[in-house]
Amino acid sequence: MASSNPQPLTQELLARAHSPDSAARIYSDKIQHRPLYLRPNSPPPAANARAARRKARDDKNRKRKSQKPKPLSASQRRKLGLYDVPKKGQKYAVFEPLKQLWIGYMREVLGSHLYTGGPACAAKLCAAEYHGAEVEVTRSGCPSRVGIKGIVIKDSKFSFEIITPKNELKLVPKEGTMFRLHIPAAPDAFKSTTTTTTTTTPTAETVEPNNGFTFEILGDQFQYRSADRANRKFKAHYLDKI
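What comes next is a walk through the structure. (Residues numbered from 1 in each chain as written. Predicted model: local features only at pLDDT ≥ 70, side-chain atom pairs only at ≥ 80, totals over all residues. Heavy atoms only, no water.)

## Considerations on the pattern of salt bridges
As enumerated under the stated definition, the model contains eight salt bridges in all. Of the charged contacts in the structure, one is a salt bridge between K55 and D59, with a shortest N-O distance of 3.2 Å. Of this pair, K55 and D59 both sit in helix α3 (residues 45–67), separated by four residues, roughly a single helical turn. With relative accessibility at 54%, the residue K55 sits in the exposed group. The partly exposed category is assigned to D59, whose relative accessible area is 31%. Residue R62 pairs with D59 through a salt bridge whose shortest N-O separation is 2.8 Å. (Salt bridge = Lys/Arg side-chain N within 4 Å of Asp/Glu carboxyl O. Helix = DSSP H or I, 4+ residues; strand = E, 2+ residues; numbered from the N terminus. Buried < 20%, exposed > 50% of the residue type's maximum accessible area, 1.4 Å probe, protein only.)

## Quick look at the side chain of K174
Of note, K174 is situated in the loop between β4 (169–173) and β5 (177–184). Within the structure, the side chain of K174 is placed 3.1 Å from the backbone oxygen of F222, a separation counted as a polar contact. (Polar contact = N/O pair within 3.5 Å; in protein donor to acceptor, adjacent residues only side chain to side chain.)

## Quick word on a nonpolar patch on the surface
The grouping of L72, L80, L82 and Y83 at the surface amounts to a nonpolar patch, some 410 Å² of accessible area in total. Mapped onto the elements, L72 comes out in the loop between α3 and α4 (74–80). Residue classification places L72 among the partly exposed positions, given a relative accessible area of 38%. (Patch = residues over 30% accessible without salt bridge, like charges linked within 9 Å, V, L, I, M, F, W, Y side chains within 5 Å. Areas by Shrake-Rupley, 256 points an atom, 1.4 Å probe, with all protein chains shown as cover.)

## A few points about the nonpolar core
Ranked by size, the top nonpolar core spans 24 residues in total, and within it W102, L110, L125, Y130, F179, L181 and F215 carry the most contacts. Looking at this core, the elements that each hand over two or more residues are α5 (92–110), α7 (119–126), β1 (134–140), β3 (159–163), β5 and β6 (212–218). Take this core: its biggest share by element is four residues, from α5. Other than its neighbours up to four places away in sequence, L125 contacts M106, L110, Y130, F213, F215 and F222. If you look at the next biggest cluster of nonpolar residues, it comprises five residues, including Y92, F95, I151 and I163. (Core = buried A, V, L, I, M, F, W, Y, C linked by side-chain atoms within 4.5 Å. Contact = heavy atoms within 4.5 Å.)

## Some thoughts on the side chain of S159
Relative to the helices and strands, S159 resides in strand β3. Accessibility expressed as a relative area gives 13% for S159, which makes it buried. A polar side-chain atom of S159 sits 2.9 Å from a polar atom in the side chain of S156. Not counting chain neighbours up to four residues away, the residues in contact with S159 comprise K154, L171, V172, P173 and K174.

Structural data, given as structure tokens:
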């Protein structure tokens, strides 16, 4: 007949290796009333869930960064032709609206200096944007370039890319080249000038109203990107090539 209070299995195993006194002492000191961890290295459930969420978030961010494409290098952009104007888009009429936008932009930038000029006007012209400007080559180290006229569709550091009225794309280096530009006066300014002269002078019919502002830029001193010119301070100095 089995005992009503059977000996625990742990004590039975200890009794096989130790004396009864040692087995009882070991059982009471090291085993009895001690929790038995089936996975002693696992953290508590709450901390485990927090760590799992953090790990999932880090894995997601790492995967997103690995999938993010790297920016193209300058040589790759040139190889893909991202800066090239397609053949069907090389038409003067396509860029005429850009020319009108540039004229309005220059009228706003120059303000009253459009009619007076001066050092303040020169400083604004140096920092201005020239995409859309209509330029004409007046002097060049290469005589065949003289007379080229058209709209600037690309203003790079060392050259102007120009579309002519004949729908020809010309790449004109800035070095050794003089460019002439003209900004016509605004129509309302033209009318106000005419009205003022007729009321103050008796010979108003012979007075020619202001037709705008014409200036020239020397390409050798203009070899900067448009973004670099915006923050650059140009100093007046002697130019031996003029």
